[in-house]
Structures are given as structure tokens and as C-alpha cells.
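Structural features, examined
So you can see what is in the structure, the chains are spelled out below.
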Amino acid sequence: MEFLNFDPEKCTLCGNCVDVCPFGSLKMEKQGIVVDDSCRMCGLCVRQCPAGAVVFEQRAYEVDKSQWKDFLIFAEQERGEIHPVVYELIGEARKMAPKVGFKVNCLLIGGEGSARNGEKLLEYGVDRVFVYEHEEFACFRADCYTDAAADCIAAVKPSAVLIGATELGRSLAPRLSTRFHTGLTADCTQLDIKDDTDMIQIRPAFGGNIMAQIAITKSRPQFSTVRYRVMDRAVKVEHPTGEVVICHVGEEMLHSKIRVLSSEVLEKKKSLEEEDVIVVAGRGAQSETGVALCRELAETLGGQLAFTRPMVENGWGDTAHQIGLSGRTVRPKLIITCGVSGAIQFTSCMNSSDCIVAINENPEAQIFKIAHYCLVDDLYQVVPRLTELLKNRKED
């Protein structure tokens, strides 16, 4: 897409636009003002031009899709270890790749040990792992990571870039899509690909009432962030044939406007997404007694207590333990819902759990449509009895 248009008849070559650009995207050349790929479309040059020679507009154009091939997965690292969402992205990409004859590649940006982590990814059927390893990449800085990732994307020209919908991924993905003037579909829960290499990116929309199918048809690459624990993890291959490609880290990639004044390593706690056993307190447990009962059951099972959105909004829980479109997506081995009605905004983010047990007084509750075991009863009667049975079983 072309965003900035300079009117040569109005432009006086005063240089104001060049001076005010915070990204250094405008340069004075013999033929006039030239805009490079680092333009972020902030519009400062448009507002500061005294002659009104700069026009901000958007015109879509079609790229040659044949020039953009394969999948590129951003392999996020957390404290020197590959984030588990990466293996899910690899698994999904490997499902789609044979449909269009694509390869599955990965991008690793990080400090010492990144190349060794790249070797681990080859075991999952990855064709190439591009590694940008430097001590300055040990901690995430959005501008440096964006520059390194953009360098790889510009060189490799992937048709689709898949990024985990983590805190880091949600910061990096929009910066990259803006850099390449293309689309980004956030928080996808399903992916597919058509014969013309357009990805079908599926995500809940309108509060979860519909599942939107989004396609980026005219530009490349296609960017998607994918929620953790919604897709199947890739399996290892018997005879890996991929390679690790060490990429040059230029000085311009290391220059950052972010200065780290101090840092502190926080104690890592098991996140809700990583939990194998979850007990959910819904609207039916909206009291101190109800929440306490659910918490005791969760602790007895060795799991975590989670909440629905109404419970969080009413102050009974926190967003870190909220399941739903505006919270977390989980896929535990066992999930017990207590007093949860089962709105689609909730169920779409937990319906892939291995075993779902639902407790609700209302026999018409929506949650019973997806539950494996349904208990139509008062949670204040069922939960204490279930907790007692589990405690007695442990003592025996």
C-alpha cells in the first residue's frame, strides 16, 4: 500500500517533514522527498508541512503472491527456553503446509543459547531456523526485536507469519504488520489455508456470538497471533533434515530508544494456561462461601481456581484467572465448572479440555451441551461432598 503522496508542485523542499519524522523515514534526494519502509504512518509530516504538499492516503494494490512462500513462525523464548506456544504453531503450520506445498520455518531472536534452541526446533519437522543471536537481544525490547524480525521477513518473504498471542507476541505482531503495510488477525483460534495461499484466520467476534473468518487477500505477508493452548502440539519427526541459519546482526538492529534502568527477575508461577486441573467459580457461586468451597476443591485436586467474567467484574476474582474471550484460553486435563451457565464467550475458551464436569441447578444450562459429566444439583451441596470424598481418598 502507498500511504504518503508528495505533490511536487506544492513542495518547496523546506525539509520540515524530514526534520519532524520520529522514525527517520523521510530523506531528501535529488528527485525530491523519498519515503522508505520504516514509515509508521504517524502523520506528523502531513500536519507539519506548511505548503500542504504531503497527503496521507491509502491505496490497496495486489502483490505477486508467488513471490511470497512458506510459513515463518516467531519462536518466542522465555528465560532462555522456547515458549510452549511455539510447538503448537509448528504443529498447525505443518498441517497446512502440504495443502500448498509450503515449508515451515522459524525465527529465533535472543541472547546466548538461541542457536542451541534452534537445534531443538528441527526435531519437530522445521525446515529452517533463522537465528539472530546477540547479548543485546537477551531481554525483549520491542524496537530491536522488530528490526531483526523485519530483516528476516524482508529477506525470506514468507507468505504467512505466525506469532503466539503472548504479552511479547501481542507487542511485536502489530509493529511488524505496520512495518510491512499488511493485515494482522489477532487471537486466532483456528487456521486454514486455501489453494491460492490465502489463510483463513478464524477468531471469535462480536463478543463471541460469531466466529469470524478473516482473509488477507491482497497483501503479504499475512500476520496472525494465535492463542496458547488452543491447537495441537507438534510431534517430533524420526529423521530431522532441517538446518539452523545464523543471521547477521547489524548495529542498526541493536540501537534502541528504550533504556532499561533496572530489572528484577520475578518468581515464575504456573499460569492458568499451563494448569492440568481447574475449578471454575461461576455466577452461581457468587458469595464468599461459594468461592471458598470452589477454592478448597481446587486445592484438594492440586489445581487452580478460575472465574467467569461476571465473577471478575463483581470483584470475586482477578483477570489473570479469568477464562473467556477477554481472559484466558485453557485446555486442562480436567475442568470442573461450578454454577457456570456456559455462554459461548466462556465455552469457546475451554471446550477443548480433556474432561469437563459441570455442576449447575438449571437442567437447561448451556454448559451441559459440552460437558462430559453433568450434575444437575446445588453446588453448595455437591462441592463440599466431592471435596470430602477426595480428601478421604487421599488419606486412604
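Structure's up top.
Below is a short write-up of the structure. (Residues numbered from 1 in each chain as written. Predicted model: local features only at pLDDT ≥ 70, side-chain atom pairs only at ≥ 80, totals over all residues. Heavy atoms only, no water.)

Re the pattern of salt bridges
One pass over the structure, following the stated rule, counts 18 salt bridges. For Arg179, the salt bridge identified is with Asp147, shortest N-O distance 3.0 Å. One end of the pair, Arg179, is in helix α6 (residues 167-179); the other, Asp147, is in helix α5 (residues 142-156), and 32 residues separate them in sequence. Bridged by salt links that share partners, the residues Glu92, Lys95, Asp232 and Arg331 form one connected network. (Salt bridge = Lys/Arg side-chain N within 4 Å of Asp/Glu carboxyl O. Helix = DSSP H or I, 4+ residues; strand = E, 2+ residues; numbered from the N terminus.)

Here's the deal with the pairing of strand β10 (residues 160-164)
Taken across its five residues, β10 has five buried, putting it largely inside the fold. On β10, burial covers both faces: Ala160, Leu162 and Gly164 on one face and Val161 and Ile163 on the other are all buried. Bridge analysis of strand β5 (residues 71-74) against β10 gives three bridges, and the strand direction is parallel. When the bridges of β10 are listed, Phe71 appears paired with Ala160. Pairing geometry for β10 and strand β15 (residues 222-226), over five bridges, is parallel. (Buried < 20%, exposed > 50% of the residue type's maximum accessible area, 1.4 Å probe, protein only. Pairing = 2+ DSSP bridges.)

What about the sheet that holds β10?
Pairing in this open sheet of seven strands is parallel, and the strands run β11-β15-β10-β5-β8-β9-β16 from one edge to the other. Edge strands, defined here as strands with exactly one partner in the open sheet, are β11 (184-188) and β16 (243-246). Mean inter-strand twist for the sheet, computed between neighbouring axes without regard to direction, equals 20°. Its contacts with the sheet put helix α3 (residues 85-100) on β5, β8 (104-110), β10 and β15, and the angle it makes with β5 is roughly 175°. (Axes fitted to C-alpha atoms, helices over the stretch in contact; angles between N-to-C directions. Contact = heavy atoms within 4.5 Å.)

Some thoughts on the nonpolar core
Of all hydrophobic cores here, the largest spans 34 residues; its most connected members are Phe71, Ile73, Val86, Ile90, Leu121 and Val129. Secondary-structure elements contributing two or more residues to this core are β5, α3, β8, α4 (114-122), β9 (128-133), β10 and β12 (190-193). Looking at which element gives the most residues to this core, the answer is α3, with nine residues. Aside from chain neighbours lying at most four places away, what touches Ile73 is Val86, Leu89, Ile90, Ala93, Val104, Asn105, Cys106, Leu107 and Leu162. Of all hydrophobic cores here, the second largest spans 26 residues; its members include Tyr132, Cys144, Ala149 and Cys152. (Core = buried A, V, L, I, M, F, W, Y, C linked by side-chain atoms within 4.5 Å.)

Regarding the packing of α5 against α6
Put simply, α5 and α6 touch, their axes get as near as 10 Å, and they point 50° apart. Between α5 and α6, the angle falls in the class oblique. For the pair α5 and α6, the crossing hand works out as right-handed. Residues Ala142, Tyr145, Thr146, Asp147, Ala149, Ala150 and Ile153 of α5 touch α6, and the partners they reach there are Ser171, Leu172, Arg175, Leu176 and Arg179. For the contact of α5 with α6, the per-class residue count stands at seven nonpolar, two polar and three charged. (Parallel < 35°, antiparallel > 145°, perpendicular 65-115°, else oblique. Left-handed = near helix turned anticlockwise from the far one by under 90°. Nonpolar A, V, L, I, M, F, W, Y, C, P; charged D, E, K, R; others polar.)

A closer look at unusual backbone geometry
The omega torsion across Arg220 and Pro221 is 0°, close enough to zero to call that bond cis. In this fold, Pro221 is placed in the loop between β14 (210-214) and β15. Located in the positive-phi region is Lys157, a residue other than glycine, with phi close to 55°. With respect to the helices and strands, Lys157 occurs in the loop between α5 and β10. The backbone of Thr197 sits at a positive phi, close to 75°, despite the residue not being glycine. Along the chain, the position of Thr197 falls in the loop between β12 and β13 (199-205).

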